[in-house]
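Spelled out from the first residue to the last, the chains are:
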Amino acid sequence: MFLASAPYFQGRFAGSPWILQNFQSAILTVSTLSNLTSMYILTNIQQTASYPFRMKLAFVIETIVFIVLGLSTMFFVDASPVSYLVFTLLMVTVTALATGLIQNGAFSFCASFGCAEYTQGLMAGQGIAGVLPSIAQVLVSLAAADDGGDSNSNSNSSNPIPSDGGMRSSTHAQLTSAFLPFLAAVVVCIGALVSLAPLIRRHDRIIENRMVDRMADSVHSIEEAERVSRKVISIKGLLVKLFWPAASIFMCFTVAMFFPVFTSKILSVISADGS
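All figures in this text were calculated on a predicted structure; none of them were measured in a lab. Residues take numbers from 1 onward in each chain, read along the sequence in its written order. For this predicted model, a pLDDT threshold of at least 70 governs which residues receive local features, and a threshold of 80 or more governs which side-chain atom pairs are given and counted, while totals over whole chains, interfaces and linings are taken from all residues. Computation of side-chain values covers all heavy atoms of the structure but excludes hydrogens and water.

Trainee: Just checking my understanding: could you explain the overall build of the protein chain for this structure?
Mentor: Numbered from the N terminus, helices here are DSSP runs of H or I no shorter than four residues, and strands are runs of E no shorter than two. What the protein chain contains, in helices and strands, is 10 helices and 0 strands. In the protein chain, the order of α-helices and β-strands from amino to carboxyl end is α-α-α-α-α-α-α-α-α-α. When a residue's accessible area, from a 1.4 Å probe over protein chains only, is under 20% of the maximum for its type it is buried; when over 50% it is exposed; and in between it is partly exposed. Residues classed as buried in the protein chain amount to 30% of the 275 residues present. Restricting the contact set of the protein chain to residue pairs at least 6 apart, pairs at least 24 apart contribute 82%. Any two residues having at least one pair of non-hydrogen atoms within 4.5 Å are treated as being in contact.

As structure tokens, then:
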């Protein structure tokens, strides 16, 4: 999400050449380290883990973060590049921690249903959710380009000097193109949080049917009874059992880390005057 919004951040960091050159690497580094740390800690907390709570907490955190980022495109436009970089890295850290919560919680939650198809659906849903903010940004950028082209053609026919209204319109279009991807991310998080409620109810019914005998002798909740029956598996044991899937995911993640850095540097072969 942050790398997909690289053009917006480039505009915010234009006043500092060093930050402009290194902010993407900083975002990747902070995100990777934060996510790895959270995943390591959460993976070692299995016996007492509440996976539905982890998912709900992650969605709430990410919703708040993207709301704050969206507001920053309108209310913190005069912040210095250094201040906004610190703010951005803080948001990246919080988002990476929430990502660790949702990844750990969602995959464990899906595994409890006992259907491998649910895990495949989870992967497909992650891909769709990741594309939606970028689609929103592309559509807004295209709309802004069309409006800009019309206004430029009208101004060139009468006055070669752009008016203040045209400059304000361009600035407004830039802010809108930055705000809508964050808004799309908020909508995705809220939609996922709402759709999680019926899944949790179904999950509780399945667990209750599996553990009728244990629940008969227990005064605790369904979730607590399910925790008692869990088998704790160490990270080393998981790596031995899932070495090849883990290696393939690692390779895909490596490509995903570097790919956005290069895509933002790809420029059109058609000049602005020629378009």
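Structure's up, so let's keep going.
Trainee: Teacher, can you tell me more about a nonpolar patch on the surface here?
Mentor: Among the surface-exposed residues, Ile67, Leu71, Met74, Phe75 and Phe76 lie close enough to one another that they form a single nonpolar patch of about 500 Å² accessible area. Its location among the elements puts Leu71 in helix H3 (residues 51-75). A patch consists of residues whose relative accessible area exceeds 30% and which take part in no salt bridge; residues with like charges are grouped when within 9 Å of each other, and nonpolar side chains (Val, Leu, Ile, Met, Phe, Trp, Tyr) when within 5 Å. Residue exposure ignores everything except the shown protein chains as possible cover, and the areas themselves are Shrake-Rupley values with a 1.4 Å probe. Within this document, salt bridges are pairs made up of a side-chain nitrogen of Lys or Arg and a carboxyl oxygen of Asp or Glu, the two lying within 4 Å of each other.

Trainee: Help me out: how do you make sense of the nonpolar core in this one?
Mentor: Side chains of a nonpolar character, in soluble globular proteins, are inclined to be buried together. Buried residues of nine kinds, namely Ala, Val, Leu, Ile, Met, Phe, Trp, Tyr and Cys, make up a nonpolar core once their side-chain atoms join them within 4.5 Å. Judged by nonpolar contacts, the single largest core of 20 residues is most densely connected at Phe2, Phe9, Phe13, Phe23, Phe66 and Leu69. Among the elements of the structure, helix H1 (6-12), helix H2 (17-43), H3, helix H4 (81-111) and helix H6 (164-210) are those that each provide at least two residues to this core. A total of 5 residues in this core trace back to one element, the largest contributor, which is H4. The contacts of Phe2, once residues within four sequence positions are left out, are Phe9, Ile27, Leu69, Thr88, Met91, Val92 and Thr95. Core analysis: the next-biggest nonpolar cluster, separate from the first, contains 14 residues, Met55, Phe59, Phe109 and Leu122 among them.

Trainee: For this particular structure, what's the right way to read the environment of Ala79?
Mentor: Along the polypeptide, Ala79 turns up in the loop between H3 and H4. Judged by its relative accessible area of 29%, Ala79 is partly exposed. Ala79 sits 67 residues away from Arg12 along the chain, and the two C-alpha atoms are 8.6 Å apart.

Trainee: Where do I start with the packing of aromatic side chains in this structure?
Mentor: Given two aromatic rings, their pairing is described by the distance between the two centres and the angle made by the two planes. For Phe, Tyr and Trp, where Trp contributes only its six-membered ring, two rings pair if their centres lie within 6.5 Å, and the inter-plane angle classes them as stacked under 30 degrees, edge-to-face over 60, or tilted in between. Per the stated rule, a full pass over the model turns up 7 aromatic pairs. Here the aromatic rings of Phe243 and Trp244 are separated by 5.0 Å at their centres, their planes lie at 80 degrees, and the arrangement is edge-to-face. The class of Trp244 is exposed, set by a relative accessible area of 69%. The aromatic ring of Tyr84 is capped on one face by Arg12, whose charged end is 3.8 Å from the ring centroid. Whether a charge sits over a ring depends on NZ of Lys or CZ of Arg being within 6 Å of the ring centre and within 35 degrees of the ring normal.

Trainee: Quick question: what am I supposed to make of the side chain of Ser38 here?
Mentor: If you trace the backbone, Ser38 turns up in helix H2. Relative accessible area serves as the criterion here: at 7%, Ser38 is assigned to the buried category. Polar side-chain contacts of Ser38 include one of 2.9 Å to the backbone oxygen of Asn35. Setting aside residues no more than four positions away along its own chain, Ser38 makes contact with Ala96, Leu97 and Gly100. By the criterion applied in these results, polar contacts are pairs of N or O atoms within 3.5 Å in which, for protein atoms, one can donate a hydrogen and the other can accept it, and in which residues neighboring in sequence qualify only through two side-chain atoms.

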